[in-house]
Amino acid sequence: MFGKIKKRFGGILALLAFVVAAPVFADDPPPSPEALVKIRAANGECLKCHSEAGLKAPPKEGMDLKKLREHLVHLDTFTASDHGQMACSKCHGDGYDEHPHAAKAREGISECQDCHARKAMRIERQFDKSVHAENLSDTFTCATCHDPHVMAVATKLRDPHKIVAQDNKICLDCHDSDIAFAKMAPDKKKRPPIDDIHDWLPNTRLHWKAVRCVECHTPTEDKLSLSHEIQNKDKAEKKCASCHTANSSLNARLYRHLQTEEQNKYGFINSVILSNSYVVGATRNPSLDLILIVLFVATVVGVIGHGLVRIITTRLRRSKNHD
Ligand code: HEC
Ligand code: HEC
Ligand code: HEC
Ligand code: HEC
Ligand code: HEC
Ligand code: HEC
Ligand code: HEC
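Reference entry: report on the structure contained in this document. (Residues numbered from 1 in each chain as written. Chains lettered and ligands numbered in written order. Predicted model: local features only at pLDDT ≥ 70, side-chain atom pairs only at ≥ 80, totals over all residues. Heavy atoms only, no water.)

1. Section: the overall build of the protein
Argument step 1. Scanning the protein from N- to C-terminus turns up 20 helices and zero strands.
Argument step 2. Counting across all 323 residues of the protein, residues that qualify as buried make up 24%.
Argument step 3. Counting only contacts in the protein whose residues sit at least 6 apart along the sequence, the fraction spanning at least 24 positions is 55%.
Argument step 4. Accessible area of the protein: about 23,200 Å², with a carbon and sulfur share of 62%. (Helix = DSSP H or I, 4+ residues; strand = E, 2+ residues; numbered from the N terminus. Buried < 20%, exposed > 50% of the residue type's maximum accessible area, 1.4 Å probe, protein only. Contact = heavy atoms within 4.5 Å. Areas by Shrake-Rupley, 256 points an atom, 1.4 Å probe, with all protein chains shown as cover.)

Rendered as structure tokens:
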């Protein structure tokens, strides 16, 4: 039936497709099962070298194995990623079927914009305003954060813990490593230790496992997707209540792709909102601890006071009965 429509309105459809999808190849339908078999076979050719197995038993002699070791692609990770159904050759064009690869092959690697024109336009506008784009050299690009063989979008990962782990790894790999940071930073700029910067945040490392850096470092206006504008540090979120309350901004961001039932399943409501989490001593926040200690003391005094009053009134009643 689609074939018939296509025959009759082919021209219009093609035009429509062009207008709607422009050159966004990412909007192409996913490959058929048969096509996928071919893609996997072709990718297998690259992985004959670019895998642990290839490194152990190189299919060719005289290769630079030290370099190859730095260039492995893990098949399972790749398959689970956003680009897992694509042929390597879609992004790695001419020159990569030669061995050793052509010197100019690297220049031909496709960029995000080539296939994600529409999205890239929105995101580039935000990225251009980010601290990284403004303060660092042009070598800080989309690919600095996005490993196209690894990354998977939030809607695909679903489990907030997986999303947090993936997205924070990007920032921590650089902000928690002197070597990686120095490669990107302006001359003489020392890396501020990530724990020291955030020492006002209790259980800092636990927060890295439960919330994303971008939750506090990007504006919230964009309701549908994450903003790529990593802001200056004075604009960063510092209010505990933006997360530790019902209808928090965290709810609107990290959990936006989940239904309410699912949020419950992943324990969000229980662990963060109905925060039993706030236990004295579990925090390293003096003022919070003080408030909690005051509350605790008040409760203890209340309980003891209540008990004392009861003991006294019972005594009084008993002595009255004796009379
Ligand atoms: C016969 C082994 C072999 C095969 C097959 C192979 N490569 Fe490589 N590749 C290497 C080695 C060795 C290096 C590291 C030395 C170097 O940089 O040239 C490398 C480096 C690379 C690099 C990083 C260097 C650069 O130019 O950016 C990329 C990207 C790459 N290969 C992509 C591919 C792709 C895509 C395929 C499949 C179309 C593929 N390779 C197939 C051996 C192979
Ligand atoms: C969606 C596009 C895309 C696909 C699909 C893709 N790659 Fe890449 N690949 C890239 C980009 C972009 C880079 C360069 C990253 C950078 O600048 O550091 C790269 C870099 C590499 C490198 C060098 C790694 C490094 O650390 O510098 C290797 C090796 C490689 N790709 C192999 C593969 C193989 C094998 C496949 C298929 C299984 C594949 N790629 C599929 C976009 C892609
Ligand atoms: C050669 C074309 C091509 C290139 C280059 C490319 N992609 Fe993709 N991308 C695709 C295709 C095809 C899909 C699969 C679409 C789907 O499954 O819905 C995809 C899916 C995605 C997705 C998940 C779906 C979505 O749009 O949210 C993200 C995120 C993504 N790509 C980001 C990137 C980034 C970042 C880069 C650059 C590092 C990049 N892509 C480079 C073709 C490409
Ligand atoms: C500072 C690191 C960083 C840089 C630079 C970066 N991204 Fe992202 N990007 C992320 C993170 C983190 C996510 C969140 C993943 C999610 O929520 O699915 C993301 C999500 C995305 C998504 C999927 C969600 C969406 O909004 O559609 C696309 C597409 C994307 N980025 C493209 C790009 C492009 C294009 C560039 C370059 C102009 C770029 N990114 C630069 C970190 C970065
Ligand atoms: C490859 C390295 C690299 C990655 C990846 C990276 N950054 Fe940065 N970032 C830097 C460098 C270098 C600076 C210092 C820029 C300067 O001094 O002006 C910086 C600065 C910052 C600042 C400080 C801005 C200010 O006001 O001083 C924040 C906040 C920040 N990054 C957050 C993030 C977040 C969040 C991510 C992950 C989504 C991330 N960065 C990923 C290298 C990186
Ligand atoms: C709960 C919110 C929150 C989270 C989560 C968070 N930050 Fe921050 N971050 C802040 C605030 C607020 C500041 C400003 C602190 C100040 O100026 O005293 C800051 C400052 C920074 C700075 C500036 C350092 C400097 O002084 O130059 C960097 C870089 C940074 N954060 C990176 C990260 C990274 C990377 C992550 C994830 C591992 C992260 N942040 C997670 C709130 C957060
Ligand atoms: C961006 C969101 C966000 C902000 C801002 C934030 N938190 Fe959290 N916090 C979380 C999440 C998510 C958890 C993890 C809950 C869990 O999984 O048990 C957490 C955990 C905690 C815990 C540990 C609970 C435990 O189980 O040990 C404490 C204490 C805490 N937060 C206090 C604070 C304080 C105090 C502030 C303000 C200075 C703050 N948080 C700011 C999101 C946030």
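2. Structural notes on the site of ligand 5
Argument step 1. What surrounds ligand 5 is a group of 21 residues, the closest being His132, Cys171, Cys174, His175 and Lys233.
Argument step 2. Of all the secondary structure elements, the ones that give two or more residues to the shell around ligand 5 are helix 9 (131–135), helix 12 (160–175), helix 13 (178–184) and helix 16 (213–217).
Argument step 3. When the residues that make up the shell around ligand 5 are grouped by side-chain class, the tally is 12 nonpolar, seven polar and two charged. (Near = heavy atom within 4 Å. Nonpolar A, V, L, I, M, F, W, Y, C, P; charged D, E, K, R; others polar.)

3. Thoughts on the pattern of salt bridges
Once the charged atoms of two side chains with opposite charge are near each other, the side chains can pair.
Argument step 1. Per the counting criterion, the structure on display carries 10 salt bridges.
Argument step 2. Sharing partners across several salt bridges, the network here consists of Asp176, Asp178, Arg191, Asp195 and Arg205. (Salt bridge = Lys/Arg side-chain N within 4 Å of Asp/Glu carboxyl O.)

4. A few points about the coordination of the iron atom of ligand 7
Argument step 1. The protein atoms that coordinate the iron atom of ligand 7 are His207 (NE2) and His244 (NE2), at distances spanning 2.0 Å.
Argument step 2. Coordination at the iron atom of ligand 7 comes from six donor atoms whose angles at the metal span 85 to 179°, giving a geometry best classed as octahedral. Of this pair, His207 sits in helix 15 (residues 204–210) while His244 sits in the loop between helix 16 and helix 17 (249–253), placing them 37 residues apart in sequence.
Argument step 3. Overall, His207 belongs to the buried group, its relative accessible area being 16%. (Donors = N, O, S within 2.8 Å, 3.2 Å for Na, K, Ca; no water. Tetrahedral: all angles 85-135°; square planar, octahedral: opposite > 155°, others 65-115°.)

5. Notes on the environment of Leu226
Argument step 1. On the secondary structure map, Leu226 appears in the loop between helix 16 and helix 17.
Argument step 2. Between the C-alpha atom of Leu226 and that of Leu254, which follows or precedes it by 28 residues, the distance is 8.9 Å.
Argument step 3. Discounting chain neighbours no more than four positions away, the residues touching Leu226 are Gln126, Arg212, Val214, Thr218 and Arg256.

6. Topic: the nonpolar core
Argument step 1. The biggest cluster of nonpolar side chains holds eight residues, and these are Ile163, Val164, Val211, Cys243, Leu250, Leu254, Tyr255 and Leu258.
Argument step 2. Apart from residues no more than four positions distant in its own chain, Val164 is found in contact with Lys169, Trp208, Lys209, Ala210, Val211, Arg212 and Leu254. (Core = buried A, V, L, I, M, F, W, Y, C linked by side-chain atoms within 4.5 Å.)

7. Brief notes about unusual backbone geometry
Where the residue is not glycine, phi is negative for most of them; where a peptide bond is considered, it is trans in most cases.
Argument step 1. The peptide bond linking His99 to Pro100 adopts the cis configuration, its omega dihedral lying at -5°.
Argument step 2. By the element assignment, Pro100 lies in the loop between helix 6 (88–91) and helix 7 (112–115).
Argument step 3. The residue Arg158 is not glycine, and still its phi comes out positive at about 60°.
Argument step 4. The phi dihedral of Asn203 falls on the positive side, at around 50°, and the residue is not glycine.
Argument step 5. Structurally, Asn203 is set in the loop between helix 14 (194–197) and helix 15.

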